[in-house]
Amino acid sequence: MNTAKTAVHFTDNYLLNPTNPISVNLIGAGGTGSKVLTALMEINESLIALGHAGLQVRLWDDDVITSANLGRQRFAESETGLYKSVALINRCNRWAGTNWKAETRKFEKDNFGRPPEKARAIITITCVDNVQARFGVAEILKEISYRRHYQDEPKYWLDFGNSQDTGQVILSTIGKIKQPNSEKYQTVASLPFVTDEFGELLKQSEQEDNTPSCSLAEALEHQDLFINSSLTQMGCSLLWNLFRRGMTEYKGFFHNLKDFRTHPIKVA
(Lines give C-alpha, C1' and ligand atoms only; values in the text may rest on other atoms or scores of the structure.)
Protein backbone atom coordinates (compact mmCIF):
# COMPACT_ATOMS: atom_id res chain seq x y z
CA MET A 1 0.00 0.00 0.00
CA ASN A 2 1.38 3.41 -0.99
CA THR A 3 1.34 5.72 2.05
CA ALA A 4 3.12 8.67 0.42
CA LYS A 5 1.46 11.90 1.49
CA THR A 6 0.30 14.45 -1.09
CA ALA A 7 2.60 17.48 -1.11
CA VAL A 8 0.78 20.79 -0.71
CA HIS A 9 1.59 24.41 -0.02
CA PHE A 10 -0.68 26.15 2.48
CA THR A 11 -1.41 29.81 1.72
CA ASP A 12 0.22 32.36 3.98
CA ASN A 13 -2.25 33.08 6.76
CA TYR A 14 -2.30 36.84 6.26
CA LEU A 15 -3.69 36.44 2.72
CA LEU A 16 -6.70 34.61 4.14
CA ASN A 17 -7.51 37.02 6.99
CA PRO A 18 -5.94 40.40 6.20
CA THR A 19 -6.61 43.58 8.15
CA ASN A 20 -6.11 45.65 4.96
CA PRO A 21 -6.48 44.92 1.22
CA ILE A 22 -3.68 42.68 -0.11
CA SER A 23 -1.10 44.75 -2.01
CA VAL A 24 -0.38 43.50 -5.54
CA ASN A 25 2.29 44.76 -7.95
CA LEU A 26 1.27 43.82 -11.50
CA ILE A 27 4.22 44.34 -13.85
CA GLY A 28 3.38 44.63 -17.56
CA ALA A 29 0.15 45.89 -19.14
CA GLY A 30 0.30 44.26 -22.58
CA GLY A 31 -1.33 41.15 -24.06
CA THR A 32 -1.29 39.21 -20.77
CA GLY A 33 -1.08 42.00 -18.18
CA SER A 34 -4.14 43.86 -19.50
CA LYS A 35 -6.18 40.66 -19.14
CA VAL A 36 -4.71 39.72 -15.75
CA LEU A 37 -5.85 43.12 -14.48
CA THR A 38 -9.45 42.27 -15.47
CA ALA A 39 -9.15 38.92 -13.64
CA LEU A 40 -7.82 40.72 -10.55
CA MET A 41 -10.93 42.93 -10.63
CA GLU A 42 -13.07 39.79 -10.61
CA ILE A 43 -11.04 38.28 -7.75
CA ASN A 44 -11.28 41.54 -5.80
CA GLU A 45 -15.09 41.79 -6.16
CA SER A 46 -15.50 38.12 -5.21
CA LEU A 47 -13.23 38.36 -2.15
CA ILE A 48 -15.08 41.44 -0.88
CA ALA A 49 -18.42 39.64 -1.34
CA LEU A 50 -17.01 36.86 0.89
CA GLY A 51 -16.10 39.32 3.65
CA HIS A 52 -12.40 39.62 2.74
CA ALA A 53 -10.56 42.98 2.52
CA GLY A 54 -9.84 42.46 -1.22
CA LEU A 55 -6.86 43.64 -3.27
CA GLN A 56 -4.98 46.91 -3.78
CA VAL A 57 -3.28 46.77 -7.20
CA ARG A 58 -0.46 48.89 -8.62
CA LEU A 59 0.12 48.42 -12.38
CA TRP A 60 3.62 49.09 -13.79
CA ASP A 61 4.24 49.82 -17.48
CA ASP A 62 6.09 52.64 -19.25
CA ASP A 63 4.64 51.74 -22.66
CA VAL A 64 2.25 53.89 -24.71
CA ILE A 65 -0.74 52.44 -26.60
CA THR A 66 -0.27 52.20 -30.39
CA SER A 67 -2.59 50.91 -33.12
CA ALA A 68 -0.55 47.65 -33.11
CA ASN A 69 -1.92 46.95 -29.61
CA LEU A 70 -5.60 47.06 -30.59
CA GLY A 71 -7.41 43.73 -30.85
CA ARG A 72 -5.02 41.46 -28.97
CA GLN A 73 -4.71 43.75 -25.97
CA ARG A 74 -7.51 45.38 -23.96
CA PHE A 75 -7.34 48.82 -25.58
CA ALA A 76 -9.67 50.95 -27.71
CA GLU A 77 -8.71 53.17 -30.64
CA SER A 78 -9.65 56.26 -28.59
CA GLU A 79 -6.90 55.34 -26.10
CA THR A 80 -3.95 55.38 -28.54
CA GLY A 81 -1.19 57.67 -27.30
CA LEU A 82 -2.07 57.14 -23.61
CA TYR A 83 0.09 55.17 -21.20
CA LYS A 84 -1.16 51.58 -21.03
CA SER A 85 -1.04 51.52 -17.22
CA VAL A 86 -2.98 54.78 -16.86
CA ALA A 87 -5.69 53.84 -19.40
CA LEU A 88 -6.29 50.45 -17.76
CA ILE A 89 -6.24 51.65 -14.15
CA ASN A 90 -8.57 54.58 -14.89
CA ARG A 91 -10.98 52.16 -16.54
CA CYS A 92 -10.84 49.76 -13.56
CA ASN A 93 -11.37 52.52 -11.02
CA ARG A 94 -14.36 53.91 -12.91
CA TRP A 95 -15.82 50.45 -13.41
CA ALA A 96 -15.39 49.03 -9.90
CA GLY A 97 -14.95 52.07 -7.65
CA THR A 98 -11.45 50.90 -6.69
CA ASN A 99 -8.54 53.23 -5.97
CA TRP A 100 -5.87 51.24 -7.79
CA LYS A 101 -2.68 52.95 -8.97
CA ALA A 102 -0.71 53.25 -12.22
CA GLU A 103 3.07 53.63 -12.55
CA THR A 104 4.26 54.94 -15.92
CA ARG A 105 7.76 53.51 -15.52
CA LYS A 106 9.55 50.20 -15.60
CA PHE A 107 9.83 48.08 -12.46
CA GLU A 108 13.62 48.25 -12.27
CA LYS A 109 16.48 49.66 -10.22
CA ASP A 110 17.48 53.27 -10.75
CA ASN A 111 20.95 54.48 -11.80
CA PHE A 112 22.13 54.20 -8.20
CA GLY A 113 21.03 50.56 -7.95
CA ARG A 114 18.04 51.33 -5.75
CA PRO A 115 14.78 49.40 -6.21
CA PRO A 116 11.61 51.38 -7.07
CA GLU A 117 9.97 53.21 -4.16
CA LYS A 118 6.78 51.11 -4.25
CA ALA A 119 8.50 47.79 -4.96
CA ARG A 120 7.14 46.13 -1.81
CA ALA A 121 3.88 44.22 -2.27
CA ILE A 122 2.53 41.03 -0.74
CA ILE A 123 1.99 39.55 -4.23
CA THR A 124 4.06 40.41 -7.32
CA ILE A 125 2.71 39.31 -10.72
CA THR A 126 4.93 39.57 -13.80
CA CYS A 127 3.65 39.68 -17.39
CA VAL A 128 6.90 40.83 -18.99
CA ASP A 129 8.11 40.07 -22.50
CA ASN A 130 11.82 39.46 -21.98
CA VAL A 131 14.09 37.32 -19.84
CA GLN A 132 16.26 40.18 -18.58
CA ALA A 133 13.22 41.90 -17.02
CA ARG A 134 12.39 38.69 -15.14
CA PHE A 135 15.88 38.40 -13.69
CA GLY A 136 15.69 42.09 -12.74
CA VAL A 137 12.43 41.51 -10.85
CA ALA A 138 13.91 38.43 -9.11
CA GLU A 139 16.88 40.50 -7.92
CA ILE A 140 14.63 43.27 -6.55
CA LEU A 141 12.34 40.77 -4.79
CA LYS A 142 15.30 39.03 -3.13
CA GLU A 143 16.71 42.37 -2.02
CA ILE A 144 13.52 43.85 -0.55
CA SER A 145 12.59 40.59 1.20
CA TYR A 146 15.73 40.88 3.38
CA ARG A 147 14.53 44.20 4.76
CA ARG A 148 12.10 42.99 7.35
CA HIS A 149 9.20 45.20 8.29
CA TYR A 150 5.62 44.13 8.63
CA GLN A 151 3.87 46.31 6.10
CA ASP A 152 3.46 44.73 2.65
CA GLU A 153 5.81 41.88 3.50
CA PRO A 154 6.54 40.19 0.11
CA LYS A 155 5.11 36.65 0.08
CA TYR A 156 4.43 35.44 -3.49
CA TRP A 157 5.60 35.93 -7.07
CA LEU A 158 3.36 34.72 -9.94
CA ASP A 159 5.08 34.80 -13.35
CA PHE A 160 3.32 34.55 -16.73
CA GLY A 161 5.28 33.87 -19.93
CA ASN A 162 4.43 32.80 -23.46
CA SER A 163 5.53 32.44 -27.07
CA GLN A 164 3.23 32.14 -30.09
CA ASP A 165 0.98 29.35 -28.88
CA THR A 166 2.66 27.94 -25.76
CA GLY A 167 3.32 29.40 -22.34
CA GLN A 168 3.66 28.79 -18.64
CA VAL A 169 2.66 30.21 -15.29
CA ILE A 170 4.89 29.65 -12.24
CA LEU A 171 4.14 30.49 -8.60
CA SER A 172 7.09 31.16 -6.27
CA THR A 173 7.29 32.04 -2.60
CA ILE A 174 9.46 34.96 -1.51
CA GLY A 175 11.29 33.22 1.32
CA LYS A 176 9.61 30.49 3.37
CA ILE A 177 5.92 30.60 4.20
CA LYS A 178 5.12 29.17 7.63
CA GLN A 179 3.15 25.95 7.19
CA PRO A 180 0.72 24.37 9.68
CA ASN A 181 1.40 20.94 11.13
CA SER A 182 -0.40 18.37 9.03
CA GLU A 183 -0.86 14.64 9.45
CA LYS A 184 -2.61 14.32 6.11
CA TYR A 185 -0.23 16.27 3.84
CA GLN A 186 3.47 16.80 3.25
CA THR A 187 3.72 20.59 3.59
CA VAL A 188 6.02 22.62 1.32
CA ALA A 189 7.10 26.00 2.75
CA SER A 190 9.26 27.23 -0.11
CA LEU A 191 8.59 27.33 -3.88
CA PRO A 192 11.67 28.29 -5.95
CA PHE A 193 11.85 31.39 -8.14
CA VAL A 194 11.16 30.79 -11.84
CA THR A 195 14.60 32.35 -12.51
CA ASP A 196 16.29 29.80 -10.22
CA GLU A 197 14.38 26.70 -11.30
CA PHE A 198 14.08 27.46 -15.03
CA GLY A 199 16.87 30.06 -15.37
CA GLU A 200 18.90 28.12 -17.93
CA LEU A 201 15.81 27.40 -20.05
CA LEU A 202 14.86 31.07 -19.93
CA LYS A 203 18.31 32.20 -21.09
CA GLN A 204 18.42 29.50 -23.75
CA SER A 205 15.02 30.49 -25.17
CA GLU A 206 16.25 34.04 -25.67
CA GLN A 207 19.61 33.00 -27.19
CA GLU A 208 17.95 30.79 -29.76
CA ASP A 209 15.71 33.59 -30.93
CA ASN A 210 15.97 37.24 -29.98
CA THR A 211 12.52 38.33 -31.12
CA PRO A 212 10.67 39.93 -28.20
CA SER A 213 9.19 37.10 -26.17
CA CYS A 214 8.28 36.11 -22.64
CA SER A 215 8.65 32.41 -23.13
CA LEU A 216 10.61 29.42 -21.91
CA ALA A 217 9.67 27.82 -25.17
CA GLU A 218 10.79 28.88 -28.62
CA ALA A 219 10.16 32.55 -29.27
CA LEU A 220 8.37 33.17 -32.53
CA GLU A 221 7.43 36.33 -34.32
CA HIS A 222 3.79 36.73 -33.34
CA GLN A 223 1.57 35.55 -30.53
CA ASP A 224 -1.62 33.67 -31.21
CA LEU A 225 -4.84 35.60 -30.51
CA PHE A 226 -5.95 33.60 -27.46
CA ILE A 227 -2.72 32.38 -25.82
CA ASN A 228 -2.64 35.37 -23.43
CA SER A 229 -6.27 35.03 -22.31
CA SER A 230 -5.95 31.26 -21.99
CA LEU A 231 -2.91 31.60 -19.68
CA THR A 232 -4.59 34.43 -17.77
CA GLN A 233 -7.69 32.42 -16.86
CA MET A 234 -5.71 29.41 -15.68
CA GLY A 235 -2.97 31.39 -13.90
CA CYS A 236 -5.48 33.58 -12.07
CA SER A 237 -7.43 30.45 -11.13
CA LEU A 238 -4.27 29.26 -9.34
CA LEU A 239 -4.18 32.59 -7.47
CA TRP A 240 -7.91 32.40 -6.67
CA ASN A 241 -7.43 28.90 -5.23
CA LEU A 242 -4.79 30.22 -2.84
CA PHE A 243 -7.44 32.54 -1.40
CA ARG A 244 -10.47 30.26 -1.72
CA ARG A 245 -9.05 26.87 -0.74
CA GLY A 246 -6.13 28.12 1.35
CA MET A 247 -3.80 25.57 -0.21
CA THR A 248 -2.50 24.23 -3.53
CA GLU A 249 -1.00 20.99 -4.81
CA TYR A 250 0.26 22.83 -7.88
CA LYS A 251 2.67 25.71 -8.35
CA GLY A 252 1.91 26.26 -12.03
CA PHE A 253 1.62 24.63 -15.44
CA PHE A 254 2.95 24.45 -18.98
CA HIS A 255 0.27 25.20 -21.55
CA ASN A 256 0.09 24.46 -25.27
CA LEU A 257 -2.86 26.03 -27.07
CA LYS A 258 -1.94 24.54 -30.44
CA ASP A 259 -2.88 21.02 -29.37
CA PHE A 260 -4.88 21.98 -26.25
CA ARG A 261 -2.56 20.28 -23.76
CA THR A 262 -1.76 21.51 -20.26
CA HIS A 263 0.83 19.93 -17.98
CA PRO A 264 0.46 20.83 -14.27
CA ILE A 265 3.56 21.35 -12.10
CA LYS A 266 3.24 19.96 -8.57
CA VAL A 267 4.64 21.84 -5.57
CA ALA A 268 7.05 18.99 -4.77
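Just above, that's the structure.
Since the model is a prediction, treat every value here as computed from it, not as a measurement.

Structural notes on the packing of helix 2 (residues 33-49) against helix 3 (residues 84-96)
The geometry of helix 2 relative to helix 3 is characterised by a closest axis approach of 11 Å and an angle of 25° between their N-to-C directions. One finds that helix 2 runs roughly parallel with respect to helix 3. Along this stretch, helix 2 crosses helix 3, giving a crossing that reads as right-handed. Together, S34, L37, M41 and E45 of helix 2 and L88, I89, C92, W95 and A96 of helix 3 make up the contact between the two elements. Classifying every residue of the contact of helix 2 with helix 3 by side-chain character gives seven nonpolar, one polar and one charged.

Some remarks on the packing of helix 2 against helix 7 (residues 227-244)
Where helix 2 meets helix 7, the axes come as close as 9 Å, and the angle between the chain directions of the two elements is 30°. Taken together, the axes of helix 2 and helix 7 lie roughly parallel to each other. In the packing of helix 2 onto helix 7, the handedness of the crossing is right-handed. Contact residues: K35, V36, A39, L40, I43, S46 and L47 in helix 2; N228, S229, T232, C236, L239, W240 and F243 in helix 7.

Let's talk about the side chain of H9
Examined against the element boundaries, H9 turns out to sit in strand 1 (residues 6-10). A distance of 2.7 Å separates polar atoms of two side chains, one belonging to H9 and the other to Y156. A distance of 2.8 Å separates a polar atom in the side chain of H9 from the backbone oxygen of V188. When residues no more than four places from it in sequence are discounted, the contact partners of H9 are Y156, T173, I177, Q179, V188, A189, L191, G246, M247, T248 and V267.

Concerning the pattern of salt bridges
Tallied over the full model, the rule gives 13 salt bridges. The salt bridge partner of D196 is K142, with a shortest N-O separation of 3.3 Å. Of this pair, D196 sits in helix 5 (residues 194-197) while K142 is found in helix 4 (residues 131-146), placing the two residues 54 residues apart along the sequence. On the basis of relative accessibility, which here comes to 32%, the residue K142 falls in the partly exposed class. Connected via shared salt-bridge partners are R58, E103 and R105.

So, the environment of E45
Note on placement: E45 falls in helix 2. In this structure the C-alpha to C-alpha distance between E45 and T232, which are 187 residues apart in sequence, comes to 17 Å.

Quick notes on the layout of surface pockets
Its volume calculated, the second largest pocket comes out at about 650 Å³. In terms of lining, the second largest pocket is formed by 27 residues, of which the most central are S23, R120, A121, Q151 and D152. Taken together, the elements giving at least two residues each to the lining of the second largest pocket come down to strand 2 (22-27) and strand 3 (55-60). Taken together, the residues that form the lining of the second largest pocket break down as 11 nonpolar, six polar and 10 charged.

Some remarks on the pairing of strand 2
In terms of residue burial, strand 2 counts as a mostly covered element, since six of its six residues are buried. Of the two faces of strand 2, the one holding I22, V24 and L26 and the one holding S23, N25 and I27 are both buried throughout. Relative to strand 3, strand 2 is paired through six bridges, and the arrangement is parallel. Residue pairing in the sheet places N25 in a bridge with R58 of strand 3. On the question of chirality, the crossover connecting strand 2 to the parallel strand 3 by way of helix 2 is right-handed.

A short note on the sheet that holds strand 9 (residues 247-248)
In space, the three strands of this open sheet follow the order 8-1-9, with mixed pairing throughout. Each of the sheet's edge strands pairs with one partner strand only, and the pair in question is strand 8 (185-187) and strand 9. The pairing of strand 1 with strand 8 spans three bridges and is classified as parallel. Bridge pairing in strand 8 links A7 to Q186.

Reading the values: rules and limits
Residues numbered from 1 in each chain as written. Predicted model: local features only at pLDDT ≥ 70, side-chain atom pairs only at ≥ 80, totals over all residues. Heavy atoms only, no water. Axes fitted to C-alpha atoms, helices over the stretch in contact; angles between N-to-C directions. Helix = DSSP H or I, 4+ residues; strand = E, 2+ residues; numbered from the N terminus. Parallel < 35°, antiparallel > 145°, perpendicular 65-115°, else oblique. Left-handed = near helix turned anticlockwise from the far one by under 90°. Contact = heavy atoms within 4.5 Å. Nonpolar A, V, L, I, M, F, W, Y, C, P; charged D, E, K, R; others polar. Polar contact = N/O pair within 3.5 Å; in protein donor to acceptor, adjacent residues only side chain to side chain. Salt bridge = Lys/Arg side-chain N within 4 Å of Asp/Glu carboxyl O. Buried < 20%, exposed > 50% of the residue type's maximum accessible area, 1.4 Å probe, protein only. 1 Å grid on protein atoms, 1.4 Å probe; cavity = no way out; pocket = protein on both sides within 12 Å on 5 of 7 lines; lining within 4 Å. Points joined across faces, edges and corners; volume = space filled by probe spheres on them. Pairing = 2+ DSSP bridges. Right-handed = clockwise from strand over helix to strand, strands pointing away.

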